[in-house]
Amino acid sequence: PLTRVESYKYLGVWITCKLSWSLQVEEVCKKARQHIGVLYRKVYQHASNKTLRLYLTYIRPHLEYAVAV
């Protein structure tokens, strides 16, 4: 027997029973905020052009994952 669920994570993308993207957006933003917080605490005092590379390497991929869906 199958059980009905409100949301399910499949291949890193949250799918809801109403096919709404709001949960996916919330989860992506939450993960990005966590990584930005770590980056801010570790690098803020020594910020330079390399800080942008850290953003592009560690945070931007989380924001762009499954955007085409």
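Structure: above.
Now for a quick tour of the structure. All values reported here derive from a predicted model rather than from experimental measurement.

The next subject is the overall build of the protein chain. Assigned secondary structure in the protein chain consists of 2 helices and 2 strands. For the protein chain, the succession of helices and strands along the chain, N to C, is β-β-α-α. Relative to the globule expectation of 11 Å for 69 residues, the C-alpha radius of gyration of the protein chain, 16 Å, shows a markedly less compact shape. Oriented by its inertia axes, the alpha-carbon framework of the protein chain measures out at about 55 × 25 × 20 Å. Within the protein chain, the fraction of its 69 residues that count as buried is 16%.

This part takes up the environment of Val 25. Looking at where Val 25 falls in the secondary structure, it is placed in helix α1 (residues 22–43). Residue classification places Val 25 among the partly exposed positions, given a relative accessible area of 47%. Once the C-alpha coordinates of Val 25 and Pro 1 are considered, the two residues, 24 residues apart in sequence, prove to be 31 Å apart.

Bringing the pairing of strand β1 (residues 7–10) into the picture now. Side-chain direction in a regular strand flips from residue to residue, so the side chains alternate between the two faces of the sheet. Alignment of β1 against strand β2 (residues 13–16), held across 4 bridges, turns out to be antiparallel. By the bridge assignment for β2, Tyr 10 is matched with Val 13. Turn length for the β1-β2 hairpin, with the two strands adjacent in sequence and antiparallel, is 2 residues, and the turn residue Leu 11 shows positive phi of about 55°.

This part covers the side chain of Thr 16. Here Thr 16 is to be found in strand β2. Once residues lying within four places of it in the same chain are set aside, the contact partners of Thr 16 are Glu 6, Ser 7 and Leu 23.

This brings us to helix α2 (residues 49–64). The end-to-end C-alpha separation of α2 is 22 Å, in line with the 22 Å expected for 16 residues at 1.5 Å each. Leu 56 marks the point of greatest bend in α2, at about 35°. Just downstream of α2, Ala 66 is the residue with a positive phi angle, here 65°.

In this section: α1. Taking 1.5 Å of rise per residue, 22 residues should cover 32 Å, and α1 covers 31 Å from first to last C-alpha, within 8% of that figure. Residues of α1 that are buried include every one of Leu 23, Gln 24, Val 28, Ala 32, Gly 37, Leu 39 and Val 43, and no others. The elements touched by buried residues of α1 are β1, β2 and α2.

The rules behind these values
- Residues numbered from 1 in each chain as written.
- Predicted model: local features only at pLDDT ≥ 70, side-chain atom pairs only at ≥ 80, totals over all residues.
- Heavy atoms only, no water.
- Helix = DSSP H or I, 4+ residues; strand = E, 2+ residues; numbered from the N terminus.
- Rg over C-alpha atoms; globule rule 2.2 N^0.38 Å.
- Buried < 20%, exposed > 50% of the residue type's maximum accessible area, 1.4 Å probe, protein only.
- Pairing = 2+ DSSP bridges.
- Contact = heavy atoms within 4.5 Å.
- Expected span 1.5 Å × (residues − 1).
- Bend = angle between axes of the 7 residues up to and from the residue.

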